[in-house]
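Below are the chains, spelled out letter by letter.
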Amino acid sequence: METMQITPKMIAELRARTQAGMMDCKKALEESGGDMEKAAEILRKKGIAKAEKRAERGASQGLVIVEAAADQSAAAMIELNCETDFVARTTEFMALARELAQHAAKHAPIGDNAGSVLDAQSFRGSTVAEVVKQVSGTTGEAMALRRVARFEAPKGIVAHYEHHNGSLAVLVELEGPRGHALSGLGKDVSMHVASHDPQPLAVSEADLAADVIERERRIAQEQVAEEGKPENIRAKIVEGKVKKFVSDRTLLGQKFVRDDSKTVSQLLQEAGRDAGGALTVRRFARFKVGE
């Protein structure tokens, strides 16, 4: 059977995804027969991978723009990509990004994966896709409306955070009695999602995909086995590792970024007492240019 050739491009892709060393990435790819997913898992099992990052990235420059209702009842967020920061700061590009956010606030479907839906919609006398293509032609750079999110909160608010340079933004939908407590909570949770590392994958454990949990359990089992832990305590150690993963990667389980003596869940409980009713995070979206 012919051995698959491991190319420098494959090694670079795995390095970008895991932050592991070049030789470790090469060995993992050789062991996996060139399978990127298996190679990443091999590095995780060996404790070499420092972090998982998306292997495929869009253009490295652009803007993330939020268009929010004044009463916080709804908001939309878009990421418009280009090739250079120079173009991202031009009047034409910024105007297009702002108009696309305004369009999304009115016409995007509810959710955080609506980008392709907008492409065929009427916009500036043409379609969204055609207008983006036209502006791309005038600047000489590839452009793409990469991501779109739109939330509505009939029983609460949609809070948001925008970084000052347009590189990062967050939407958070919260449910509960409207007022100062809910607005303050929305600001705190939005800032947490924007700045916390590692980034949350889901609101709570119930929202995590089953295959993600099983993957972490499998990795933990192999790590414990390789460490030679006694059989009678392996299951307990494995469950402890899985529990820590869930705590680290779910929004409610994470330590609040401004006060690590409490979790985000405890923050919600405190705010709920001030608001006179339960406060709930329904969903969130975080866009960072190029990620």
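Structural notes, computed from the coordinates. As the structure is a prediction and not an experimental result, all values here were calculated from the model.

Description of the pattern of salt bridges
Counting across every chain of the model gives 19 salt bridges. In this structure, Asp188 and Arg258 form a salt bridge, with 2.8 Å as the shortest nitrogen-oxygen distance. Taken together, the residues span a long stretch of sequence, with Asp188 in helix H8 (residues 180-195) and Arg258 in the loop between strand E8 (255-256) and strand E9 (259-263) at a distance of 70 residues. Under the relative-accessibility criterion, Asp188 is labelled buried at 18%. Note that Glu291 is salt-bridged to Arg286, the shortest N-O span being 3.5 Å. Counted as one network, the salt bridges with shared partners bring together Glu79, Arg146 and Arg147.

Regarding the sheet that holds strand E6 (residues 156-162)
With antiparallel pairing, three strands are arranged side by side in an open sheet as E6-E7-E10. Single-partner strands in this sheet number two, and they are E6 and strand E10 (280-288). Mean inter-strand twist for the sheet, computed between neighbouring axes without regard to direction, equals 10°. Of the pairings in the sheet, the one linking E6 to strand E7 (residues 168-175) comprises seven bridges and is antiparallel in character.

Some words on unusual backbone geometry
A cis amide bond links Asp197 to the next residue, Pro198, at an omega of 5°. With respect to the element layout, Pro198 can be found in the loop between H8 and helix H9 (210-226). We note that Arg124 has phi near 55°; this positive angle belongs to a residue other than glycine. Summarising the element assignment, Arg124 is placed in the loop between strand E3 (122-123) and strand E4 (126-127). Of the residues examined, Arg124 reaches a relative accessible area of 43% and is grouped as partly exposed.

Observations concerning the environment of Asp24
Following the sequence through the fold, Asp24 ends up in helix H2 (residues 22-32). The sequence separation of Asp24 and Lys46 amounts to 22 residues, and the corresponding C-alpha distance is 10.0 Å.

Re the packing of helix H1 (residues 8-18) against helix H3 (residues 36-45)
Contact geometry for H1 and H3: axes closest at 11 Å, N-to-C directions at 50°. With respect to their mutual orientation, H1 and H3 come out oblique. Where H1 crosses over H3, the handedness of that crossing is right-handed. Contacts from Met10, Glu13, Leu14, Arg17 and Thr18 in H1 reach Met36, Glu37, Ala39, Ala40 and Leu43 in H3. The class makeup of the residues in the contact of H1 with H3 is six nonpolar, one polar and three charged.

Here is what the cut-offs are and how they apply
Residues numbered from 1 in each chain as written. Predicted model: local features only at pLDDT ≥ 70, side-chain atom pairs only at ≥ 80, totals over all residues. Heavy atoms only, no water. Salt bridge = Lys/Arg side-chain N within 4 Å of Asp/Glu carboxyl O. Helix = DSSP H or I, 4+ residues; strand = E, 2+ residues; numbered from the N terminus. Buried < 20%, exposed > 50% of the residue type's maximum accessible area, 1.4 Å probe, protein only. Pairing = 2+ DSSP bridges. Axes fitted to C-alpha atoms, helices over the stretch in contact; angles between N-to-C directions. Parallel < 35°, antiparallel > 145°, perpendicular 65-115°, else oblique. Left-handed = near helix turned anticlockwise from the far one by under 90°. Contact = heavy atoms within 4.5 Å. Nonpolar A, V, L, I, M, F, W, Y, C, P; charged D, E, K, R; others polar.

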